[in-house]
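Structural features, examined
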Amino acid sequence: MAEATVADAAVDPTALFEFLLRMGDNTLILGHRLSEWCGHAPALEEDIALANTALDLIGQTQLWLGLAGAVEGKGRSADDLAFLRDACEFRNLLLNERPNGDFGKTLMRQFLFDAWHHLFLNALRLSSDTRIAEIAGKASKEVSYHLERSRDLVIRLGDGTAESHGRMQGALDDLWPYTGEMFMNEASDAVLAAAGVAPEPAGLKTEWDALVGETLSEATLKEPAEGYMQKGGKRGIHTEHLGYILADMQFLQRAYPGATW
Amino acid sequence: MYAQMVKTDAPRVKTLDEMDPQERSFQERIDQGQKIEPKEWMPEGYRKTLIRQISQHAHSEIVGQLPEGNWITRAPTLERKAILLAKVQDEAGHGLYLYCAAETLGISRDEMYEQLHSGKAKYSSIFNYPTLTWADIGAIGWLVDGAAIMNQVPLQRCSYGPYSRAMIRICKEESFHQRQGFDILMKMVKGTPAQKAMVQDALNRWWWPSLMMFGPSDDASVHSAQSMAWKIKQNSNDELRQKFVDQTVPQAEYLGLTIPDPKLEWNEEKGGYDFGEPDWNEFFEVLAGNGPCNAERLGARRKAWADGAWFRDGLTAYAEKQAARRAGNEAAAE
Ligand SMILES: [Fe+2]
Ligand SMILES: [Fe+2]
Ligand SMILES: [Fe+2]
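Residues numbered from 1 in each chain as written. Chains lettered and ligands numbered in written order. Predicted model: local features only at pLDDT ≥ 70, side-chain atom pairs only at ≥ 80, totals over all residues. Heavy atoms only, no water.

Looking at an unreviewed UniProt entry, chain B carries the name Phenylacetate-CoA oxygenase, with the source organism given as Sinorhizobium saheli.

Where an unreviewed UniProt entry is consulted, chain A appears under the name Phenylacetic acid degradation protein, with the organism given as Sinorhizobium saheli.

1. Things to note about the overall build of chain B
Regarding its fold elements, chain B presents 13 helices and two strands. Scaling as 2.2 N^0.38, a compact globule of 334 residues should have a C-alpha radius of gyration of about 20 Å, and chain B matches this with 22 Å. Projecting the C-alpha coordinates of chain B onto the three principal axes gives extents of approximately 80 × 60 × 35 Å. For chain B, the residues scored as buried account for 55% of the 334 residues in total. In chain B, the share of contacts with a sequence separation of at least 24, taken over all contacts with a separation of at least 6, comes to 77%. Accessible surface, chain B as shown: approximately 14,300 Å² in total, 53% of it carbon and sulfur. If you average the places of the 40 positive and of the 46 negative side-chain charges in chain B, the two averages end up 5 Å apart. (Helix = DSSP H or I, 4+ residues; strand = E, 2+ residues; numbered from the N terminus. Rg over C-alpha atoms; globule rule 2.2 N^0.38 Å. Buried < 20%, exposed > 50% of the residue type's maximum accessible area, 1.4 Å probe, protein only. Contact = heavy atoms within 4.5 Å. Areas by Shrake-Rupley, 256 points an atom, 1.4 Å probe, with all protein chains shown as cover. Lys, Arg positive; Asp, Glu negative; His and termini not counted. Charge placed at Lys NZ, Arg CZ, Asp CG, Glu CD.)

2. Re the side chain of Gln53 of chain B
Relative to the elements of secondary structure, Gln53 of chain B occurs in helix H2 (residues 44-63). Every residue in contact with Gln53 of chain B, bar those within four places of it in the chain, is listed here: Ala3, Val6, Leu155, Tyr163 and Ile232 of chain B.

3. Describing the pattern of salt bridges
Residues and elements named next belong to chain B. Scanning all chains against the criterion turns up 38 salt bridges over all chains. Here Glu68 ties to Lys87 by a salt bridge, and the two come within 2.7 Å at their closest N and O atoms. Here Glu68, found in helix H3 (residues 65-69), pairs with Lys87, found in helix H4 (residues 78-103); they are 19 residues apart in sequence, far enough to count as distant. For the salt bridge of Asp201 with Arg205, the shortest nitrogen-to-oxygen distance reads 2.9 Å. A residue pair is termed a helical-turn pair when its members lie 3 or 4 positions apart in one helix, as Asp201 and Arg205 do in helix H8 (residues 193-212) at four residues. (Salt bridge = Lys/Arg side-chain N within 4 Å of Asp/Glu carboxyl O.)

4. Let's talk about the coordination of the iron ion (ligand 1)
All names here are of chain A. Donor atoms from the polypeptide that bind the iron ion (ligand 1) are Asn52 (OD1), Asp56 (OD) and Asp56 (OD), placed at 2.5 to 2.8 Å. Pair noted here: Asn52 and Asp56 are both in helix H3 (residues 44-72), with a separation of four residues, about one helical turn. Taking the relative accessible area as the measure of exposure, Asp56 reaches 14% and is therefore buried. (Donors = N, O, S within 2.8 Å, 3.2 Å for Na, K, Ca; no water.)

5. Quick notes on the interface of chain A and chain B
On the chain B side, the residues contacting the 49 residues of chain A number 49 residues. Both faces considered, chain A and chain B share a buried interface measuring about 4,200 Å² in area, 69% of it formed by carbon and sulfur atoms. Contact with chain B buries surface across chain A, with Pro42, Leu44 and Trp261 of chain A losing the most and accounting together for 18% of the total. Between chain A and chain B we count three salt bridges in total. With a shortest N-O distance of 2.5 Å, Glu45 of chain A and Arg109 of chain B are connected by a salt bridge. Inspection of the chain A/chain B interface yields 12 residue pairs in polar contact (both at pLDDT 80 or more). (Buried area = accessible area lost by both parts, 1.4 Å probe. Polar contact = N/O pair within 3.5 Å; in protein donor to acceptor, adjacent residues only side chain to side chain.)

6. As for the coordination of the iron ion (ligand 2)
Glu61 of chain B (OE), Glu61 of chain B (OE), Glu91 of chain B (OE), His94 of chain B (ND1) and Glu174 of chain B (OE) make up the full set of protein donors to the iron ion (ligand 2), lying at 2.0 to 2.8 Å. Every donor residue of the iron ion (ligand 2) comes from the same chain, spaced as E-x29-E-x2-H-x79-E.

7. A short note on the nonpolar core
Membership of the largest hydrophobic core comes to 146 residues, with the highest contact counts inside it found for Phe19, Met108, Leu112, Leu124 and Trp208 of chain A together with Trp134 of chain B. Counting residues in hydrophobic clusters, the runner-up holds 30 residues, among them Ile51, Ala101, Ala102 and Tyr163 of chain B. (Core = buried A, V, L, I, M, F, W, Y, C linked by side-chain atoms within 4.5 Å.)

8. Some details on the packing of H8 of chain B against helix H10 (residues 237-254) of chain B
When two helices pack together, their arrangement is given by the angle between their axes and by how far apart the axes lie. Residue and element names in this part refer to chain B. Relative orientation of the contacting elements H8 and H10 amounts to 150 degrees, with a least axis distance of 10 Å. Comparing their axes, H10 and H8 come out roughly antiparallel. When H8 is examined against H10, the residues Trp207, Ser210 and Leu211 are found in contact with a partner set consisting of Arg241, Phe244, Val245 and Thr248. (Axes fitted to C-alpha atoms, helices over the stretch in contact; angles between N-to-C directions. Parallel < 35°, antiparallel > 145°, perpendicular 65-115°, else oblique.)

9. What to know about the confidence of the model for chain B
Counting all residues, the mean pLDDT for chain B is 96, and 100% of those residues have values of 70 or more. The ipTM value of the predicted complex is 0.95, and its pTM value is 0.95. (pLDDT = per-residue confidence, 0-100.)

10. Things to note about helix H5 (residues 109-118) of chain B
Quick reminder: α-helices carry 3.6 residues per turn. Residues three or four places apart thus point the same way. Those residues of H5 of chain B not exposed but buried are Arg109, Met112, Tyr113, Leu116 and His117 of chain B. Looking straight down H5 of chain B, one finds its buried side chains confined to an arc of 135 degrees; they lie on one side. On its buried face, H5 of chain B is in contact with H3 of chain A together with H2, H4 and helix H12 (294-307) of chain B. At the exit of H5 of chain B stands Gly119 of chain B, carrying a positive phi of roughly 90 degrees. (Arc of directions from axis to C-beta.)

11. Focus on the packing of aromatic side chains
By the definition in use, this model includes 25 aromatic pairs over all chains. Taking 6.4 Å as the distance between ring centres and 45 degrees as the angle between the ring planes, the aromatic pair formed by Phe251 of chain A and Trp71 of chain B counts as tilted. Highlighted residues: Phe251 of chain A in helix H12 (residues 251-255) and Trp71 of chain B in the loop between H3 and H4, drawn from two different chains. With relative accessibility at 2%, the residue Trp71 of chain B sits in the buried group. (Phe/Tyr/Trp six-rings, centres within 6.5 Å; stacked < 30°, edge-to-face > 60°.)

Structure representation (structure tokens):
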């Protein structure tokens, strides 16, 4: 797993570890939210598609957190990182822990994240760290399909009935303040960017704006005005929701310490 | 099974001599092992019975997502979570193939949903029991998918082509599910005493409901006789139950578990196990809607459908607008 690479030697392992947690926690928490829908979606095809997306995201989590554990070098596995950290140690975007709401809100959250995820993974395919480039290569194939689907549904529902339009606009307005965090640079980002490991998040904003703007206009939805943006997830300061996600997710590992499953 | 006690509308099974020429040639083709395909003539009773059986099976796959979905967010490892997600996704896929197979008989998926939501159509009694611990997820794979396989392997040879082909695809996946369920339990019985106790508790609760999946004895049932004549049922409920017990008891022993049946005993003479009678009163109460989770399961399905109406309407409206736009463009181009 942890073969030494050029980037490995040059990059501060703490910065790298933080970065990998962000990637893995994003996919883990969003995968968790999507699996809450299981059996409750508005159409059978949607149940299947959501489970498939969740499955992709959990698979990606195993890769990102597995590498995070290796980089940290303290013998923690992907499972240890997923099931035995408390909320303040999680590094996911606040967007991904937002409650599901109605199906429209779930789809809008998915689209806003997929658009970022897709662009970011594409950039990571060129990472100087081959381990990261490899995971990004595999994940980006899955995520381009996620984006194709969520983008298409946002368009169709935005331009559907008055009710579906209203629900999608409401979802967009509610979630918009959680999109800014995707493009905020942390101190460690400069280190990673300098070493060619990962691009600085702020650099993706123009492309994301274009992709999202074009989709929203096709969906006849109004892009909210730039306003205050929520932040904190990347530094471990979360919303109240994450604690409940973890209480659910980590229940067995916490209730039966040391047991293997 | 996933389809329990399917009615055929037949007062009794006709002999070939009592049939009119069309029905007689239909029956002869079935007797020769030929497959019946959607566009071909079939007796109304055959069509209706198949619709009941296939839709009940489809509904069971869909409702069956709920008890297992109950543990996806709490799965103990990432690997187990991924396996369970894939399994539940398979079950939804089974529902989809089966609804498509039923649609070839002239009923729409929306009509079938309507029958499920109104309580007119049934789904398997087993999904009205709760999943209380992680061991229940193992027990469902091992016992419930195991019992489903027992019933579905012979249905691969069913006389109706689309159902038979759906079964062939489904059976492959069900055997994976069973192995994965067994694997969950293997890991747990080798674990801590608390984990082992959890597995025994799961077996205690799922054993009898699993035996009930095959339905009450149908040796005297005219519906079963008719279904067998039509080859949409191949074995009696008791035969399948016996096979299931004979297959499962050694597996329970391998896991170091005790089957919760004091009457269970190997019978050398018949080469199978003797076992106790499930509580059929409980079975009929569950079918009547009084099982521990009937209200939640059906309520969840009804709510999903009602809450999703705006979503489905939105997609339809968009498709209509697009069609109108295309028509408008074509008119403008002329
Ligand atoms: Fe996928
Ligand atoms: Fe199934
Ligand atoms: Fe299954």
